[in-house]
Amino acid sequence: LSHLLQIMALVLVLALLVRALIVSGSDHAVMLERVQQHEKEQRNGEQSWVDMSALLFTLLHYWKIWFCTGLFVFLFWNMWRSLKRKQHEEGGQLEQEDEEEEYFHHSALTRYIARRAWKKMQGKATKCVLVEELMSDLLQTYTFVCSNSFYPVLQPAIGVGSAFEGWSPCEEDIVYRLLVPIKAPHGHVFHPELGEEGEVLARNSRIRVELVCMCTREQQLGDVLCFLHHSEEELSQNQQPSLLQTLCTGSYLDVQKTAAWFNKQVPRTWRLTHRAHRYGLKVLPSSRSCKLQVTDTSSGEKVHVELLFGVQQGNLDIFLSSQNAEAVFTPSTTWPQSCAVAERKYFEYVARTAGPNSCHLVCLRLFAHILVGMGFSTYAIKTLLLHLLAIIPLEDWRRRHFLSRLENLLQYLQYCLNDKVLNHFLLGNATMPDEVVLPQAFQTASPLNLFQHLEQDPDAHSRVLRDFKELKDRLFRLLLFGR
């Protein structure tokens, strides 16, 4: 608006300047005639102050021209400075964007396609922070209320999966998953058993629960009785049952019993939180986790949350978790190894190193968007991306490389499908950053092929090859037509 007003002012000044020039032309003739008359009068000795004032009045018309010219120059200079200042202010934002517009093809069509796809797949603001705050309130309140029980001790939740890694394609479809580390209550200790000997990324691991002596605590605090050194009758009359009696099957922690116990505690615990008046909480059916529907009571907006339980392996970023194993049936005492926390920490490392203009999350978000209904899991595409992040220097993942990296993902996927091999990213990888703490056995392990089933099932291999063609078609349609 300010620029429009300045332009209008310039037009007005130009009009006045033109008018002044026209008027000055006629005034110049009048002035010349009067000067000649004045010279004649001087020669005749007839000087008149009236004529002199008329002469000065005529000369004043030239000042109008100079004034209009000066005003025009001033307004033009002011508008030029204003435009330069605005360009300078926007320069900090646009300069880097202009640099990033230097895509690997220099045609206008390619830049248009890349820019549109980039904007379409840029992440929307998620509710990760809100979900973390709500679950923190829930877990802290439970810990305060049940601090002296013999149930598992809940630790602060860790956000995992696509939502917290930053590549969920649609806000409407996001399930916010968090891993809740659990520790043994006093008088108990957890002993992780990693399944079959030599198994890499144990799917059949279990958590053995063992009682430990509490006589020292009993003598010092007097708030418990030692499970090992008191009779069952005395314990049953004076103390809550041990974890072995409540959430275990035999000597092993039971996933389903643990989930059922926590799901039962959630409603009454939530009512004690300070956000219960603002958000409604509904527990949804689940046998191995806690699935929640959180509703904003003022807007009616719903958010879906899933809490998984996990036991940390020492100080590592690997947990034995309550998630389902890949098998059709997962026994209730099975706690498969999970790399979810390690993978999130690797994404955080990449984000810090590559900077805010990296395109890796946009690439992954785009593929996750077009994979719906196809034979590829999002975890397979995520694994492909993780391998490429380790192969291609992170400085080559800037926005200007967006289409090149999409092409690399397609080529790498085709290569893996043809060879029926896609290795797990964290196994046999000796180049992990220090931020991700893995077992030594992971670094020296043999690769784990995520596409092994394609070797064993020719029909499945044929199907995924057909799906790959459809995947390419969907990608090209999205790039060219925006859908």
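Data block above holds the structure.
Residues numbered from 1 in each chain as written. Predicted model: local features only at pLDDT ≥ 70, side-chain atom pairs only at ≥ 80, totals over all residues. Heavy atoms only, no water.

1. A word on the overall build of the chain
Secondary structure assignment for the chain yields 16 helices and twelve strands. Out of the 483 residues in the chain, the part that is buried amounts to 42%. Look at the contacts in the chain between residues 6 or more apart in sequence, and 66% of them connect residues 24 or more apart. Only carbon and sulfur atoms are counted for the fraction: they give 55% of the accessible area of the chain, which is about 26900 Å². (Helix = DSSP H or I, 4+ residues; strand = E, 2+ residues; numbered from the N terminus. Buried < 20%, exposed > 50% of the residue type's maximum accessible area, 1.4 Å probe, protein only. Contact = heavy atoms within 4.5 Å. Areas by Shrake-Rupley, 256 points an atom, 1.4 Å probe, with all protein chains shown as cover.)

2. Quick word on the environment of K282
One can find K282 in strand β8 (residues 279–284). A residue is classified by how much of its surface remains accessible, and K282, at 49% relative accessible area, is partly exposed. C-alpha of K282 to C-alpha of L292: the two residues are ten residues apart in sequence and 5.6 Å apart in space. For K282, the contacting residues outside a window of four places in its chain are K291, L292 and Q293.

3. As for the nonpolar core
Of all hydrophobic cores here, the largest spans 59 residues; its most connected members are F367, F376, F402 and L471. Those elements that place two or more of their residues in this core are α10 (340–354), α11 (360–370), α12 (378–391), α13 (402–419) and α16 (458–481). L243, A259, W261 and L292 belong to the second largest nonpolar core, which has 39 residues in total. (Core = buried A, V, L, I, M, F, W, Y, C linked by side-chain atoms within 4.5 Å.)

4. Some points on the packing of aromatic side chains
Applying the stated rule across the entire model yields ten aromatic pairs. In this structure an aromatic cluster arises from ring pairing among Y142, Y151, W261, F262 and F309. In this arrangement the basic side chain of R206 is found over the ring face of Y252, its NZ or CZ atom lying 3.8 Å from the centre. Directly above the aromatic system of W397 lies the positively charged group of R405, at a separation of 5.8 Å from the ring centroid. (Phe/Tyr/Trp six-rings, centres within 6.5 Å; stacked < 30°, edge-to-face > 60°. Lys NZ or Arg CZ within 6 Å of the ring centre and 35° of its normal.)

5. Remarks on unusual backbone geometry
The phi dihedral of K420 is positive, around 60°, even though this residue is not glycine. Residue placement: K420 occurs in the loop between α13 and α14 (440–444). Using a relative accessible area of 25% as the deciding quantity, one classes K420 as partly exposed.

6. Concerning helix α4 (residues 128–145)
Taking 1.5 Å of rise per residue, 18 residues should cover 26 Å, and α4 covers 26 Å from first to last C-alpha, within 8% of that figure. Taken together, the buried positions of α4 are C128, V131, L134, M135, D137, L138, L139, T141 and Y142. (Expected span 1.5 Å × (residues − 1).)

7. A word on the pairing of strand β9 (residues 290–296)
Taken across its seven residues, β9 has six buried, putting it largely inside the fold. As judged from the six bridges shared by β8 and β9, these two strands associate in the antiparallel manner. Directly across from L284, in β9, lies its bridge partner K291. Counted along the chain from β8 to the antiparallel partner β9, the turn is five residues long. Where β9 and strand β10 (residues 302–312) come together, six bridges link them in antiparallel fashion. Across the sheet, the residue bridging to C290 is L307, located in β10. (Pairing = 2+ DSSP bridges.)

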